[in-house]
Amino acid sequence: MDYTNSITTRVQQQIDMIFAEKIEEADSALEMYETAVEIREFLTDRENISTPGFLMRRYLQVHSPELFGEYECGRDYPDLTAEQNVPWPECVTDRIAKKLSSISRSVHGLTISTANWKKYLNDEQGVQRLLAIKLSFVLKMDRDASGMLLLACGHDLYSVRNPQDFICLYCLESPDRRIWSYAENLLSRFAESSGDLQKQTKAAFSAHEGMTEMLGTGLEEILFSELPSHDADERLIAFMTGSRDEFTALRGGKYAAGFSLTRRSRFMELTRYLAVLYPEYASWEHELISFEKLPVDEDGYPNLKCLVRAMFQENEWEFEAWQSESSGAEQNELFQKEIYIFCKNYYDHVNAIDRMIRRGDNMQPVERRDILLMGYFFLVKFLELSPSSGEMAELRKLAEGGGELDDAMADIMDWLTDASEADDDSGIMYYRRCLNTLLAAFDFMPLYVPFSFDRFILLSLLTPDPAELVPFIICENRQMICGDLAEEE
Amino acid sequence: MIYANAVSLTGKYHAERGMNSQDRYSVAAGNDCSAAVLCDGAGSFAAGDLAAELVSGTLAAFLCRSFEECFAEKQDVLLRRLVMIVEDTLNDCALEKGLDPGEMACTILASVMHEDGRCLCLHLGDGMILRRRQLGCGLEIISRPANGIDSSSTYLTMNCSLFEHLRLFRWTQEDIEGIFLLTDGSDVTEVTEKPLDDCTCVSLIRNNRIVLIPQRAEQES
């Protein structure tokens, strides 16, 4: 077997291959609907949403049928490979949750109660990234299935730059290593052999380009080396220890998320485009409103916090107004807690990216939903522009920059110009194409309609008041966007 | 010189029910190498013991006879060849005896060791393969058990994608003293109580006859 690509690219390609098929199926389903009303109805149908609970239940049904005992698939509980996202009968969920709780403890050394397992299987509670990974181990998922679960939970895929992710990729590759305590043991050995990273590494982590590929190639060589398990483990630890400077740092007992330098730089370039469309923001002082021009930081890029504020305000996601009203939420009929939490979380997330970029502490990578959200804000504002406006000329000039993102933005602007002349029904085709082009420029997987956040973005493009969708699409399932996360166990 | 040894204990579960162990092993020697294959027939399948008997014999002979090819061949090509050998053998037998091929279920633990230190191991399902490098050193794991979601399920011949789940290990190690194949139910460090499951240990030992033997428990009357 000849592996020439890094594990990061290969994982992505594998997911892409699986998703290409599923996306094609989902797109075909979407294209069956002709009017915007029909499309909206389809996108708001919960049975079409690929939630984490659905993915886990379907995986269990296919890979661990022995857990169901006397319950027969099709007769006692729905066949999720044939049907959509429908719930199990309570008796089946109770049985499976109890079994999983026992397995979590006896096999993996994890304490996950039966009650919590029920919540995860029924999508009654969101799941943090580390917990999603642990659940993957308990379910003995392979790398692809685990990656899909992460994406369904709204998290990014495994990154080889994160030592924990690196070890999880190693363990998930083979059924005999899909044991959480085994992965923990390897991580402890790495931490011990590398010393205390918190003390040793400098506060600002300096990444070297090309190292992501190096780490990925190193992992592949170990995985497919045919070495005895003992030797493979030893080689893994030795490799990781030797490459420790390329891994993210340990902070507060956790390793920072993996990152991509390319994504960061392109993200900042994208903010230039958005700054043209959202040149000012409103600020309040003593009930007086004033409009401030979007500041530009020393590095020449627009201030990220102010840009997000400008975009939310322009699209009437009035975060600041809600923030001041939050203390009297119960009395304020207009206050919607879910929207507030959504916006707040995104601000916090953007703040983290801002700190990452300014201080380089690598605590927050650019995520797929960042690009989707930024893409949405670009699309809605661009469509309002007149072809002869100064902003249009400025955007076109930016797109002549010659970079990969610039080429993508040029294509997007051409399609949006065509879309503005199309009717509402075919507009969604252009929007999907634009968002997929933007995602591809950041090396993210394309839109996948069954995912909640993707669905929310598409629906937002079809409705004049997208903020109203937040409680319906996202918060109803108490996904990560709302910030209501399961505590790590 | 490479010696093969084997010891088998009937588990409590089978002993209480008067059932025989379904562990089967075969050894072969030739071409300056020795091979041992240990298979655990799946008790819940009608022909698990028959499958274990056939696979152990067929593989042991093949690995010894074709050691050089097996060691040099590319991984995917070798795996395909091994899959064909195992599945053709089991399918032919099932056809001859009028059995459902899916009943020919067993695990596989195989090892072939050359005098010059080259080793090859195969592993399907649970059980464990260990090695010891020098006399007096501890045991190291070559291959761990591969179970399903819990320890009650594993991968078996004719019941999973053999190409995907048959694990292959190849390496050269001159200081290796012994390789040990253990079926599920064995404890490599200490067996002081009668095991619930049958456990069998087959070993290939180089240069001496000392072998790790699980402490044999007294038969319960």
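The model shown is predicted, which means the values in this text are computed figures rather than measured ones.

Brief notes about the packing of helix 6 (residues 129-138) of chain A against helix 8 (residues 163-172) of chain A
All names here are of chain A.
Now for step 1: Running from amino to carboxyl end, helix 6 crosses helix 8 at an angle of 15°, the nearest separation of the two axes being 12 Å. It follows that helix 6 is roughly parallel to helix 8 by the angle criterion. Every pair of crossing elements has a handedness; the one defined by helix 6 and helix 8 is left-handed. Together, R129, L130, I133 and F137 of helix 6 and Q164, D165, C168, C171 and L172 of helix 8 make up the contact between the two elements.
Now for step 2: Here the contact of helix 6 with helix 8 is composed, by residue class, of 6 nonpolar, 1 polar and 2 charged.

Overview of the packing of aromatic side chains
All names here are of chain A.
Now for step 1: Summed over all chains, the structure comprises 14 aromatic pairs over all chains.
Now for step 2: Between the aromatic rings of F68 and W88, the centroid separation amounts to 5.3 Å while the plane-to-plane angle is 90°, which identifies the pairing as edge-to-face. Placement of F68 in the loop between helix 3 (52-63) and helix 4 (90-108) and of W88 in the loop between helix 3 and helix 4 is noted, with a sequence separation of 20 residues between them. In this structure, F68 and W88 share a single accessibility class: buried.
Now for step 3: A ring pair is formed by Y278 and F377, whose centres lie 6.4 Å apart and whose planes are at 85°; its orientation type is edge-to-face. With a gap of 99 residues between them, Y278 in the loop between helix 13 (261-277) and strand 3 (280-285) and F377 in helix 17 (residues 368-382) connect regions that are remote in the sequence.
Now for step 4: An aromatic cluster is present here, built from F166, F190, F239 and F247 joined pairwise through their rings.
Now for step 5: Residue placement shows R57 over the ring face of W88; its charged tip is 5.5 Å from the ring centre.
Now for step 6: Directly above the aromatic system of Y158 lies the positively charged group of R129, at a separation of 6.0 Å from the ring centroid.

Let's talk about the pattern of salt bridges
Now for step 1: Considering all chains together, one arrives at 26 salt bridges over all chains under this definition.
Now for step 2: With a shortest N-O distance of 2.9 Å, R118 of chain B and D116 of chain B are connected by a salt bridge.
Now for step 3: Residue class for R118 of chain B comes out buried when judged on its relative accessible area of 16%.
Now for step 4: Salt bridges sharing partners connect three or more residues here, namely D231 of chain A together with R131, R133 and E140 of chain B.

Notes on the interface of chain B and chain A
Interface extent is often summarised as the accessible area lost during association of the parts.
Now for step 1: Contacts between the two partners involve 23 residues from chain B, matched on the other side by 22 residues from chain A.
Now for step 2: Across the interface of chain B and chain A, roughly 1800 Å² is buried in total on both sides, 52% from carbon and sulfur atoms.
Now for step 3: When the area that chain B buries against chain A is broken down by residue, the three leading residues are Q75, R144 and I149 of chain B, summing to 39%.
Now for step 4: The salt bridge involving R144 of chain B is made with D233 of chain A; its shortest N-O contact spans 3.3 Å.
Now for step 5: Connecting chain B to chain A are 11 residue pairs in polar contact (both at pLDDT 80 or more).
Now for step 6: Only helix 4 (75-97), strand 7 (139-143) and strand 8 (167-172) of chain B provide two or more residues apiece to the side of chain B that touches chain A.

What about the confidence of the model for chain B?
All names here are of chain B.
Now for step 1: Considering every residue of chain B, the mean pLDDT works out to 84; 81% of them sit at 70 or more.
Now for step 2: Predicted confidence is poor over residues 187-195, with pLDDT under 50, and the contacts of this stretch with residues over four places away or in other chains come to 16 contacts.
Now for step 3: Both confidence scores are given for the complex: pTM 0.77, ipTM 0.86.

A short note on helix 13 of chain A
Helical periodicity: at 3.6 residues per turn, an α-helix aligns residues three or four positions apart in one direction.
Now for step 1: Between its first and last C-alpha, helix 13 of chain A extends 25 Å over 17 residues, near the 24 Å set by a 1.5 Å rise per residue.
Now for step 2: For helix 13 of chain A, the set of buried residues is R264, R266, F267, M268, L270, T271, Y273, L274, A275, V276 and L277 of chain A.

Structural notes on helix 12 (residues 229-242) of chain A
Now for step 1: Spanning 14 residues, helix 12 of chain A covers 20 Å between terminal C-alpha atoms, matching the ideal 20 Å at 1.5 Å per step.
Now for step 2: Looking at helix 12 of chain A, one finds that the buried residues are S229, D231, A232, D233, L236, I237, M240 and T241 of chain A.

Quick look at the sheet that holds strand 3 (residues 33-40) of chain B
All names here are of chain B.
Now for step 1: Spatially, 5 strands are ordered 2-3-4-5-8 in an open sheet, and the strand pairing comes out antiparallel. The strands lining the two open edges of the sheet, one partner per strand, are strand 2 (23-30) and strand 8. Adjacent strand axes in the sheet meet at a mean angle of 10° when their direction is disregarded.
Now for step 2: Relative to strand 8, strand 5 (residues 118-124) runs antiparallel, the two sharing 6 bridges. Looking at the pairing, L122 lines up with L168 of strand 8.
Now for step 3: In this fold helix 4 packs onto strand 4 (108-114), strand 5 and strand 8, with an angle of close to 125° to the strand it touches most, strand 8.

What counts and how
Residues numbered from 1 in each chain as written. Chains lettered and ligands numbered in written order. Predicted model: local features only at pLDDT ≥ 70, side-chain atom pairs only at ≥ 80, totals over all residues. Heavy atoms only, no water. Axes fitted to C-alpha atoms, helices over the stretch in contact; angles between N-to-C directions. Helix = DSSP H or I, 4+ residues; strand = E, 2+ residues; numbered from the N terminus. Parallel < 35°, antiparallel > 145°, perpendicular 65-115°, else oblique. Left-handed = near helix turned anticlockwise from the far one by under 90°. Contact = heavy atoms within 4.5 Å. Nonpolar A, V, L, I, M, F, W, Y, C, P; charged D, E, K, R; others polar. Phe/Tyr/Trp six-rings, centres within 6.5 Å; stacked < 30°, edge-to-face > 60°. Buried < 20%, exposed > 50% of the residue type's maximum accessible area, 1.4 Å probe, protein only. Lys NZ or Arg CZ within 6 Å of the ring centre and 35° of its normal. Salt bridge = Lys/Arg side-chain N within 4 Å of Asp/Glu carboxyl O. Buried area = accessible area lost by both parts, 1.4 Å probe. Polar contact = N/O pair within 3.5 Å; in protein donor to acceptor, adjacent residues only side chain to side chain. pLDDT = per-residue confidence, 0-100. Expected span 1.5 Å × (residues − 1). Pairing = 2+ DSSP bridges.

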